[in-house]
Structures are given as C-alpha cells and as structure tokens.
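Observations on the model geometry
For reference, the chains in residue letters:
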Amino acid sequence: EPTINQIAAGEVVERPSAVVKELVENAVDAGSTAITVEIKEGGLSLIRITDNGAGIAKEDIPMAFLRHATSKIRTAQDLLSVTSLGFRGEALSSIAAVSQVELITKTSSSLNGYRYIIEGGDEKSLEEIGSPGGTTILIRNLFYNTPARRKFLKSAVTEAGYISDLMERLMVSHPDISFKYIVNNQVKLQSSGNNNIKDILYNIYGRDITKEILPLHYESNELKITGFIGKPMINRGNRMYENYFINGRYIKSNVITKAIEEAYKPFLMQHKYPFTSLYYEIDPNTIDVNVHPQKLEIRLKNNETVYQATVDAIRDILSGKEM
Ligand code: ADP
Ligand code: MG
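Residues numbered from 1 in each chain as written. Chains lettered and ligands numbered in written order. Predicted model: local features only at pLDDT ≥ 70, side-chain atom pairs only at ≥ 80, totals over all residues.

**Some words on the overall build of the protein chain**
The test is simple: A helix here means a DSSP run of H or I that spans at least four residues, while a strand means a run of E at least two residues long, and both kinds are numbered starting from the N terminus. Labels follow a simple rule on C-beta atoms placed from the backbone: if 20 or more others lie within 10 Å of a residue's own, it is buried; if 12 or fewer, it is exposed; otherwise it is partly exposed. Residues are scored as being in contact if the C-beta atoms we place from backbone atoms lie within 7 Å.
Looking only at helices and strands, one finds 11 helices and 15 strands in the protein chain. For the protein chain, the residues scored as buried account for 38% of the 323 residues in total. Restricting to contacts in the protein chain with at least 6 residues of sequence separation, those with at least 24 account for 67%.

**Observations concerning the nonpolar core**
Note the threshold: Note on terminology: a nonpolar core is a set of buried residues of type Ala, Val, Leu, Ile, Met, Phe, Trp, Tyr or Cys, with members joined through C-beta atoms within 7 Å. In this entry, domain limits derive from an automatic or database-based domain assignment.
Ranked by internal contacts, the top residues of the largest apolar core, which has 73 residues, are V19, V24 and I95. At 7 residues, the largest contribution of residues to this core is made by helix α2 (residues 16–29). Viewed by domain, this core spans two of them, domain 1 (4–190) and domain 2 (207–320), each represented by three or more residues. When neighbours within four sequence positions are excluded, I95 is seen to be in contact with V13, V19, E22, V101 and I139.

**Thoughts on the confidence of the model for the protein chain**
Interpretation of the predicted coordinates at a detailed level should be avoided for regions scoring low in pLDDT. Filter applied, for reference: Per-residue confidence from the predictor is reported as pLDDT, a score between 0 and 100.
Per-residue pLDDT for the protein chain averages 87, and the proportion of residues at 70 or more is 84%. For this predicted complex, the interface score ipTM comes out at 0.99, alongside a pTM of 0.86.

**Remarks on the pairing of strand β1 (residues 34–40)**
Quick reminder of the rule: A pair of strands is considered paired only if DSSP assigns at least 2 bridges between the two.
As judged from the 6 bridges shared by β1 and strand β7 (residues 178–183), these two strands associate in the parallel manner. Along β7, the bridge assignment pairs V37 with Y181. In this structure, the hairpin formed by β1 and strand β2 (residues 46–51) is closed by a connection of 5 residues, where E41 is found at a positive phi of approximately 50 degrees.

**Topic: the packing of α2 against helix α7 (residues 156–173)**
To keep it simple, the criterion reads: Convention adopted: a line fitted to C-alpha atoms gives each axis, helices being fitted over their contacting stretch, and angles between N-to-C directions are expressed from 0 to 180 degrees. In this scheme, roughly parallel covers angles under 35 degrees and roughly antiparallel covers those over 145, while 65 to 115 is roughly perpendicular and the rest are oblique. Should the near helix be turned anticlockwise from the far one by less than a right angle, the crossing is left-handed, and should it be turned clockwise, the crossing is right-handed. Residues were grouped as follows: Ala, Val, Leu, Ile, Met, Phe, Trp, Tyr, Cys and Pro as nonpolar; Asp, Glu, Lys and Arg as charged; and all remaining residues, including Gly, as polar.
Remark: α2 packs on α7, axes separated minimally by 8 Å, with the N-to-C direction vectors making an angle of 30 degrees. As far as their axial angle goes, α7 and α2 are roughly parallel. For the pair α2 and α7, the crossing hand works out as right-handed. Each of P16, S17, V20, K21 and V24 in α2 lies in contact with α7, whose residues at this interface are E159, Y162, I163, L166 and L170. Within the contact of α2 with α7, the residues separate by chemical class into 7 nonpolar, 1 polar and 2 charged.

**Some words on the sheet that holds strand β13 (residues 276–282)**
Pairing in this open sheet of 5 strands is mixed, and the strands run β9-β10-β13-β11-β12 from one edge to the other. Looking at which strands have only one partner, the edges of the open sheet turn out to be β9 (213–219) and β12 (249–250). Across 7 bridges, the pairing between strand β10 (residues 223–230) and β13 is antiparallel. In the strand pairing of β13, G227 is matched with L278. On top of the sheet, helix α11 (residues 303–320) reaches β9 and β10; it is set at about 45 degrees to β10, its chief contact.

**Quick look at the packing of helix α10 (residues 254–264) against α11**
The geometry of α10 relative to α11 is characterised by a closest axis approach of 8 Å and an angle of 30 degrees between their N-to-C directions. With respect to each other, α10 and α11 are oriented roughly parallel. Note that α10 runs across α11; the crossing there is right-handed. Of α11, the residues touching α10 (which contributes V255, I256, A259, I260, E262, A263 and Y264) are N303, V306, Y307, T310, V311, I314 and R315. Residues that form the contact of α10 with α11 fall into these classes: 10 nonpolar, 2 polar and 2 charged.

**Description of α11**
The line we're drawing: The span you would expect from a helix comes to 1.5 Å times its residue count less one.
When the terminal C-alpha atoms of α11 are compared, their 26 Å separation across 18 residues agrees well with the 26 Å that a helix rising 1.5 Å per residue should span. When α11 is considered as a whole, its buried residues turn out to be V306, Y307, A309, T310, A313, I314 and L318.

**Examining the environment of N243**
Relative to the helices and strands, N243 resides in strand β11 (residues 242–246). Distance from N243 to T286, taken between C-alpha atoms, is 20 Å for residues 43 residues apart in sequence. Ignoring anything within four residues of it in the chain, the contact list for N243 reads R169, V172, T276 and S277.

In structure tokens:
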C-alpha cells in the first residue's frame, strides 16, 4: 500500500512533465549552462536529465533525497526573497518514492564522481565512479509502484506532448542556457544558450514568427520588462501563446494575463489572444511564489504597478509602430 511519501509525491509529481520540470529547475539552480533532456515512452520508461552544473557532494547525496531537504533555504527570511527555482526540498524525495532513480554526479572539488541508486524510496547503493562534472539523473519506470496513478495518465504520445510544451517554455524562459531535448533517440528541440530569444522563438514556432513580433523594452524604478509581443493582426486561438516569465520563472499571474489582454483590446479586431514572450525583472521581495504546489502561480505585492507597466509598455509599441 502507498506510503506517506508516495501520497505526498502525487502533489509534486502528478505526471512525467512535472518530473521533468522539477529536475530541469534543479539543473538551472545548480548553475548549469547546458542541459539535455531525454525521454522515452512519454517519460514513463525513461527520463534522463544531464547538466553541467555544480554537482552534489558525496555526503549530501542521500540527504538530497530526504523530504524537505533543501540546500537553498536556510532561514524564514530566505523564503521571502526566493530567487532559486526550487526551495521546498520535495522534488527528489517525491520522485524517488515513485520510480527507480539513478544519479551520477560530480562536483568540481571532487576527483571522482558518484553513482547513487534509489528505488521506491529505498536506497540501493552509493559508489564511486568516473564522471564528468555536473549531474545526470535517470528516472526509470515512473509510477511503477503506484498503479492507480499510472492509470490516471494519458497515452505516451500525449504525455510526451506535455513535456514538449514544457521544454519550449523552459527554452524561452532561459535563453542563456543551451538546451537539447531528445525524444525516443531523436533530437526534437535545441537552443544555443546565446541569449538570442528571436532564434529560440523561430525554432519553436517556425520561420514566420520572426516577421510577426515586435521587441519590447520597458524600465521603471520598480521593474523591467523585455521581450517580444505579437503584431495585433496575428491572433492566436487560445492563451497558449501568452507567455511571460518573472525572474526566470515561467508562471501564471491573473494580473499580468489581464493586463496583456487589456493592452491589446483596442488593437485586436475580433479576437483577444495575442502572442507575448515577456521577461519581467521584479524585486524578489515583492513576490510570493509559495502559492501553488507546482509553483506555477505567484502573488504580487504591487499588483497595480505591474498591471499598469504591462499595459503601458504594450500600448506604447502597438500605437507607435507601423504594422
Ligand atoms: P529543492 O530544489 O527544493 O531544494 P529538490 O528535492 O528538488 O529540492 O532537491 C534537493 C537538493 O538536491 C537541492 O537543494 C540541491 O542541493 C540538490 N540537487 C538536486 N538536483 C541537483 C542538480 N541537478 N545539481 C546540483 N544539485 C542538485
Ligand atoms: Mg528542486
């Protein structure tokens, strides 16, 4: 029967894409400049994430898989100014509770790497091996010990689709990181890590997108917004293309979504879903990210400021430029 850890795991990792999200965020937090994500069978048989980040020291490896073990928060005050993507220390323990995990990691100060195996939350081995710097984590047979949860998943193709959507968002949200995404042995998406947002959008959305977007730059005492917005005649069928990132985090905020749609209102004739890819830099002290278990939703302390800045920045461009 399910243990407390298996039950708790469901909150953090309800499907393969959530596992990929947590693991890529860990790689980002570890300072990686290159991250490879490989999946097989929609992530059900295999998820492999390789990064070139800081690695985990031998003595910290078992700890990292304990519930609420995090190296990222030390005090209650830290919680108020979270800048790392992860901060709850729940992901690795939750993932390990419902899969077979193999971790290979090496820090720069260690001569050797280490391989750690943990299955269904049970430690199997920790041994020394040769390895390049950084971390590779393999997740095999996700939900193998929680058949009820496995049954709730969609087909492998659909689950792979969720992961592809996630990879697109991750690439757009971290243009300074080089990503490679491999599905069933084929490279599906790649980004250079050269901070070229237009190139990334081109790779994801195709050649035409570069003709359809306008650069945006807004700066005030409180916040900075950069990125691209779609020309108003390019209407999208749904909110899928209204993306924005706060301090490198892909999130949802009713305030920003409303502001974007409000800004476009006078310019979109019949439709209301524009394309945006906006990067917000906001003082972390004015953000509460601890709202949703998957950290998708945040609460802003200065709603009004962010709302108005977004509307102004978009309207300035739409009313000023020739379309
Ligand atoms: P959190 O990210 O909330 O701290 P996790 O369970 O995701 O919790 O990870 C636990 C800890 O394991 C992290 O705090 C970090 O120290 C370490 N860790 C996990 N993944 C990596 C990685 N790819 N590179 C370096 N350290 C990692
Ligand atoms: Mg994490």
